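Residues per chain are reported as follows:
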Amino acid sequence: MFPTRLRINYQILLSVLLASFTTNIGINAATVSSTPAQTFTGIGGSGAWWPNDLWHFPEATRQNLSSLLFDASGLGLSSYRYNVGAGGVNVSNPTRAPQTMYVSAGVYNFSADPMGVYFLNEAAKRGVSSLTAFANSAPARLTSGGASCNGQFVNGNGAAYGTYLADVIAHFRSQGININLVSPMNEPDSSFGPSPCGQEGMQVLPSQRAEVVNGLWNALSARGLASTVGILADESSSLGNAGNEYSSWLPQVIDKVVALVHHTYDFPSDSSYTNYISNTKRQFPGKVTWMSEICCTLGNADGSGKGYSGGYDPTSGPPFHTTATCVTHSVSRIKNALLFSSLVFQSLVVAGEPHYDFWTLVSNQLGCSPLNNPSCATNTNSNGWNDGVIYYDGNYASNRNFQLYVKKQFWTYKHFGNFVKPGSQRRAITGSGSTNFMMAVTDSSNFYVLAMNPTTSSTTLTLTFLENVCATQAHRTSATEDFANISTATGSGTNWSLPLAANSLTTYIFARRSC
């Protein structure tokens with residue numbers, strides 16, 4: 001037997017060794033809050049500009065794409081942004097020149113833009129609840145240059161422009177496509193000139209923005225739609241632009257705007273983002289902000305090194321062996337997808353926003369020819385762009401290649417699309433083991449714990465709930481897995497262990513009941 005004094009020292013030593021072992025294997029403790037942080041309204045993306053091409057694909061491919069975007073077996077998106085075209089006047093890229101329904105004041109061609117309408121209708125009939133009509137430009141006749149880009153909103157045209165948008169929305173709603181949000185000025189800080197332009201765009205000066213909102217509000221009110229179709233503003237390209245300009249125009253129409261919507265092409269730090277949120281809440285209490293567009297960055301899995309840039313990084317491809325010589329290569333196959341997931345977590349967790357939309361969802365910017373280069377879609381290159389989660393061959397019209405190419409980012413975004421649903425609520429995860437890359441989402445039946453591990457070491461999250469739950473499912477996306485079914489969390493009652501593989505995004509599902 002040890003003497004008493006020695007036995008106490010031995011027990012201390014043993015506890016230290018156990019603590020050290022626990023630390024080395026990466027076990028982290030955290031707790032799920034009982035207080036809702038925010039209620040979600042949607043996860044989605046934009047229908048610009050790919051419908052102009054994809055409408056020409058075989059019907060089977062169009063239906064497959066619609067399933068990939070809107071069905072639970074795919075992304076399960078709950079938000080879709082329909083691009084109300086301005087006719088593409090002076091736009092050099094045909095894909096980015098959507099047709100317009102505007103003919104003249106009060107005269108419309110509602111059979112125009114069958115391309116965009118097809119996928120808008122698919123979103124509606126597949127149950128997407130948040131449908132936004134957004135415009136990059138007013139119809140060419142209503143801009144300063146008489147074109148769909150390189151021009152400016154013309155003072156005094158607020159009523160005419162608002163009437164056009166309200167009439168288009170009223171038409172769709174009469175067809176059973178219940179558009180419930182409208183954004184009249186997408187990135188009003190640029191005209192996207194010079195002409196000929198790469199896309200549609202209309203500059204709307206801060207001093208003009210209240211007129212645009214008032215004209216649209218009045219037109220919606222005249223059609224009995226003001227209470228069912230919310231106006232979004234102003235979709236500035238960066239948080240800096242939005243925050244600096246709000247005070248000069250927004251107080252005039254704040255009661256007519258349902259949400260303050262922004263893009264994040266300044267790729268803000270966490271502190272810059274939270275400063276924008278706190279300043280906006282102070283100026284306009286009761287108004288929510290949300291993120292409606294981002295794309296196009298390289299960087300690291302934890303979000304460091306991000307910034308607007310070209311370059312195609314599919315982070316996908318065949319599984320790799322996890323031998324010592326292949327680990328680095330395998331990790332590279334998930335890095336960019338985790339980077340974009342970090343941007344989603346930043347908006348939903350750090351900023352506490354209720355809504356997130358990615359940009360184009362579908363893109364032809366592969367940067368190479370998949371028919372001429374079999375590894376085109378699965379290897380990085382500097383010529384393409386990270387502006388989609390699904391890609392297609394831009395030369396489809398001549399080479400008849402109608403294949404769809406799914407990036408790894410599709411599978412990480414699926415975690416958000418499938419489990420962050422309108423009406424669900426985020427519960428903060430707190431404690432020493434919590435990070436900004438995890439959140440608990442709850443509805444009346446389940447908890448969904450989304451947790452990203454952007455490091456090269458596996459960890460385990462020991463999570464305490466404030467009610468009894470029962471682990472039922474788990475899905476993981478990693479370098480070698482695409483939303484794969486994995487073992488459920490282990491534990492019982494309120495205490496559970498959630499393994500988090502290196503460089504992965506995992507969703508653990510718990511029923512709100514005892515096992």
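Position labels on residues start from 1 in each chain and follow its written sequence. With pLDDT at 70 or above as the cut-off, local features in this predicted model cover only qualifying residues; side-chain atom pairs require 80 or more to be listed or tallied, and sums for whole chains, interfaces and linings still use all residues. Values reported for side chains reflect all heavy atoms of the structure, with hydrogen atoms and water molecules removed beforehand.

- As recorded in an unreviewed UniProt entry, the protein goes by the name Endo-beta-1,6-galactanase-like domain-containing protein, listed as coming from Leucocoprinus birnbaumii.

**Here's the deal with the overall build of the protein**
Stage number 1. Tallying secondary structure elements over the protein gives twelve helices and 25 strands in all.
Stage number 2. Its C-alpha atoms give the protein a radius of gyration of 25 Å, within 12% of the compact-globule value 24 Å for 515 residues.
Stage number 3. Overall, the C-alpha framework of the protein stretches about 100 × 55 × 40 Å when taken along its three principal axes.
Stage number 4. The cut-offs for exposure are 20% and 50% of the maximum accessible area for each residue type, with area from a 1.4 Å probe on protein chains only; residues under the lower value are buried, those over the upper are exposed, and the others partly exposed. The burial tally for the protein puts 55% of its 515 residues in the buried class.
Stage number 5. Exposure was quantified through the Shrake-Rupley algorithm and a 1.4 Å probe, taking into account, for residues, occlusion by the shown protein chains and nothing else. Of the roughly 19,700 Å² that the protein leaves accessible, carbon and sulfur atoms contribute 52%. The way it works is that DSSP assigns letters per residue, a run of H or I at least four long becomes a helix, a run of E at least two long becomes a strand, and they are numbered from the N terminus. Radius of gyration means the value over C-alpha atoms here, while the globule rule gives 2.2 Å times the residue count to the 0.38 power.

**Some points on the pairing of strand 21 (residues 470-477)**
Stage number 1. Among the eight residues in strand 21, six count as buried, and that is most of the element.
Stage number 2. In terms of strand pairing, strand 21 meets strand 22 (residues 484-485) through two bridges, oriented antiparallel. Note that in strand 22 the partner of His 475 across the bridge is Asn 485.
Stage number 3. Pairing between strands is defined by DSSP: at least two bridges between the two strands are required. What sits between the antiparallel neighbours strand 21 and strand 22 is a turn of six residues, in which Phe 483 has the positive phi angle 50°.

**Details of the sheet that holds strand 16 (residues 404-406)**
Stage number 1. Here we have three strands laid out as an open sheet, ordered 14-15-16, and mixed in their pairing. Of all strands in the sheet, those bounded by a partner on one side alone are strand 14 (362-363) and strand 16.
Stage number 2. By the bridge criterion, two bridges tie strand 14 to strand 15 (residues 390-392) in an arrangement that is parallel. By the bridge assignment, Val 362 is partnered in strand 15 with Ile 390.
Stage number 3. Strands strand 14, strand 15 and strand 16 of the sheet are contacted by helix 3 (residues 59-70), whose axis makes an angle of about 20° with strand 16. Pairs of residues are marked as contacts when any of their non-hydrogen atoms sit within 4.5 Å. Angles run from 0 to 180 degrees between N-to-C directions of axes, and those axes are lines fitted to C-alpha atoms, restricted for helices to the stretch in contact.

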